[in-house]
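Inside the fold
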Amino acid sequence: MEARIEVPDLRYMIFAIATQIPKGMVSTYGDIARALGDVRASRAVGKIMAADLDRPFPVPCHRVVYTDGRVGWYHGSGRGTEVQASMLMAEGVPVGNGQVMEFAKYRFTDFVAEPVLESLAHRQDQVASSVIETETRVEAIAGIDVAYEGDRAFGAAVVTDLSGEVFEERTVEMNVRFSYVPTYLSYRELPVMARLVQGPEVMHMVDGNGRLHPRRAGIACQLGVEMDVPSIGVAKSLLCGSLDDGNVLVDGTVLGRIVGDGRPVYVSVGHRTTLEQAERLCRGTRHVRVPEPVRRAHILAGRLRDEFRGRQDADSVA
DNA sequence: GCGACAG
DNA sequence: ATCTTGTCGC
């Protein structure tokens, strides 16, 4: 059972939008994120512009500054605030004290772009309304996780019985082009996870949240609904909500359960299960902090990545 | 200064 | 998630 999940090339879109900033003007990381459809992607925009040096075409990164007009730590040739400032001044943008002067006058926000994040959020809304919260009788659990080396993704599924005893493993390898943006994790990892789906009679335990998500559509929900398999989310840290007894509340609704003390994990419904069943399966397979299926998948994916690194090092020597 | 967000 | 020295605990 294999499936393809189509996801936009976020990195390419960010570069394409930045290219629209005309000579003699500047924009902010937030402006670009807004053009993509969600300001909350602004830090992801900054990260990509700073880190991704091999680009499909020239990108005027020096024309992107902070919201207060400050010139950042430009990473292009020469690097440094000074370099960026002089590049901007050469284009006619006045910079003083590390800041763009008359910022509003030189600020460009008139981008022409598809607000992809907006449509991806809509898709999440649809997923949220498609989630079925009834128990599914299962005798196996597939833990699923993904590790990375740059854009190379290594996915692993480890199938266990209800006590966490392993009886099957599977791995997959592919490239991804959607960087991590809070609340949009599924679009980064789903193309990988979808290829590891085990079928409608296996509970898929995903490293991440299910309904415990601002739009009630975390990666476990999306995997479950789009592949029509039962799923639960097990997260190691909180994305949203507040703690109340053993519960996690979002807008006054119990969306998650806290399992374990000290550094607990947060369990929530993905699809075709209930919060009670999700918690039960989690507790039943939890020998240490993280339940066995997910813990093993995490280790396996990491090992696959390390092997890849070894292969790469061998290649670079040859 | 506050808030700050799965992986 | 990933980058990483020494440190803590079993």
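Residues numbered from 1 in each chain as written. Chains lettered and ligands numbered in written order. Predicted model: local features only at pLDDT ≥ 70, side-chain atom pairs only at ≥ 80, totals over all residues. Heavy atoms only, no water.

So, about the overall build of chain A. Of the regular secondary structure elements, chain A holds 10 helices and 13 strands. Seen along its three principal axes, the alpha-carbon backbone of chain A occupies a region of about 65 × 55 × 35 Å. Long-range pairs, those at least 24 residues apart, make up 68% of the contacts in chain A with a sequence separation of at least 6. Accessible surface computed for chain A: about 14,600 Å², of which carbon and sulfur atoms make up 49%. Taken together, the 37 basic and 42 acidic charged side chains of chain A have centroids lying 3 Å from each other. (Helix = DSSP H or I, 4+ residues; strand = E, 2+ residues; numbered from the N terminus. Contact = heavy atoms within 4.5 Å. Areas by Shrake-Rupley, 256 points an atom, 1.4 Å probe, with all protein chains shown as cover. Lys, Arg positive; Asp, Glu negative; His and termini not counted. Charge placed at Lys NZ, Arg CZ, Asp CG, Glu CD.)

For strand S13 (residues 265–271), the tally of buried residues reaches seven of seven residues, placing the bulk of the element in the interior. Across five bridges, strand S9 (residues 231–235) lies against S13 in antiparallel orientation. For Val234, the partnering residue across the bridge sits in S13 and is Val267. Here strand S12 (residues 253–259) pairs with S13 via four bridges, running antiparallel. In the sheet register, Arg257 faces S13, and the bridge partner there is Val267. (Buried < 20%, exposed > 50% of the residue type's maximum accessible area, 1.4 Å probe, protein only. Pairing = 2+ DSSP bridges.)

The next point concerns the pattern of salt bridges. What the rule picks out here adds up to 23 salt bridges. Residue Glu149 pairs with Arg309 through a salt bridge whose shortest N-O separation is 2.4 Å. Taken together, the residues Glu149 in strand S5 (residues 140–149) and Arg309 in helix H10 (residues 292–317) connect sequence positions 160 residues apart. One salt bridge in this structure joins Glu173 and Arg311, with 3.4 Å as the shortest N-O distance. Placement of the pair is Glu173 in strand S7 (residues 166–175) and Arg311 in helix H10, with a sequence separation of 138 residues. Residues participating in the shared-partner salt-bridge network are Glu149, Arg305, Asp306 and Arg309. (Salt bridge = Lys/Arg side-chain N within 4 Å of Asp/Glu carboxyl O.)

Before going further, it helps to spend a moment on the nonpolar core. A general trend in soluble globular proteins is that nonpolar side chains are found buried together. The biggest cluster of nonpolar side chains holds 29 residues, and the ones touching the most others in it are Ile32, Leu36 and Met49. Elements supplying a minimum of two residues to this core: helix H1 (10–18), helix H2 (29–36), helix H3 (42–51) and helix H6 (116–130). Broken down by element, the residue count for this core peaks at six residues, all from H1. Counting only domains with at least three residues in this core, you end up with domain 1 (10–114) and domain 2 (120–312). Once you skip the residues sitting within four places of it in the chain, Leu36 turns out to touch Leu10, Met13, Ile14, Ile17, Val45, Glu114, Pro115, Val116, Leu117 and Glu118. (Core = buried A, V, L, I, M, F, W, Y, C linked by side-chain atoms within 4.5 Å. Domains from an automatic or database assignment.)

With that settled, the discussion passes to the environment of Val250. With respect to the secondary-structure elements, Val250 resides in strand S11 (residues 247–250). Placed 71 residues apart in sequence, Val250 and Ser179 show a C-alpha to C-alpha distance of 26 Å. Ignoring anything within four residues of it in the chain, the contact list for Val250 reads Leu212, Arg216, Cys240, Gly241 and Leu255.

Neighbouring DNA strand C are the residues Ala147, Tyr148, Lys236, His298, Arg305 and Arg309. Between DNA strand C and the protein, one listed contact pairs a phosphate oxygen with a backbone N or O atom of Tyr148 at 3.4 Å. Contact between DNA strand C and Arg309: a phosphate oxygen at 2.5 Å from a side-chain N or O atom of the residue. In the surface near DNA strand C, the residues fall into two nonpolar, one polar and three charged. (Near = heavy atom within 4 Å. Polar contact = N/O pair within 3.5 Å; in protein donor to acceptor, adjacent residues only side chain to side chain. Nonpolar A, V, L, I, M, F, W, Y, C, P; charged D, E, K, R; others polar.)

In this section: the sheet that holds S5. Strand order across the open sheet formed by nine strands is S7-S6-S5-S8-S9-S13-S12-S11-S10, with mixed pairing between neighbours. The open sheet has two free edges, formed respectively by S7 and strand S10 (242–244), since each of these has just one partner strand. Neighbour to neighbour, the strand axes of the sheet diverge by 30° on average, direction disregarded. Alignment of strand S6 (residues 152–160) against S7, held across nine bridges, turns out to be antiparallel. Among the inter-strand pairings, Ala156 is bridged to a residue of S7, identified as Thr171. Across the face of the sheet, helix H9 (residues 275–285) comes into contact with S5, S6, strand S8 (202–207), S9, S12 and S13 while running at roughly 10° to S12. (Axes fitted to C-alpha atoms, helices over the stretch in contact; angles between N-to-C directions.)

The domain architecture assigned to chain A consists of domain 1 (10–114) and domain 2 (120–312). On a C-alpha basis, the centres of domain 1 and domain 2 stand 35 Å from each other. Listed as interface residues are seven residues of domain 1 and, on the opposing side, 10 residues of domain 2. Buried surface at the junction of domain 1 and domain 2, both sides included, amounts to about 720 Å², of which 48% is carbon and sulfur. Together, Leu10, Arg11 and Arg40 form the three largest contributors to the area buried by domain 1 at its contact with domain 2, with a combined 65%. (Buried area = accessible area lost by both parts, 1.4 Å probe.)

So, on to the protein's contact with DNA strand B. Tyr180, Pro182, Asn209, Lys236 and Ser237 are the nearest of the 18 residues found near DNA strand B. For DNA strand B, the backbone makes up 45% of the atoms found within 4 Å of the protein, where backbone means sugar plus phosphate. At a separation of 3.2 Å, a base nitrogen of DNA strand B approaches a polar backbone atom of Thr183. Separating a phosphate oxygen of DNA strand B from a side-chain N or O atom of Ser237 is a distance of 3.0 Å. Its residues assigned to classes, the surface near DNA strand B comprises eight nonpolar, six polar and four charged.

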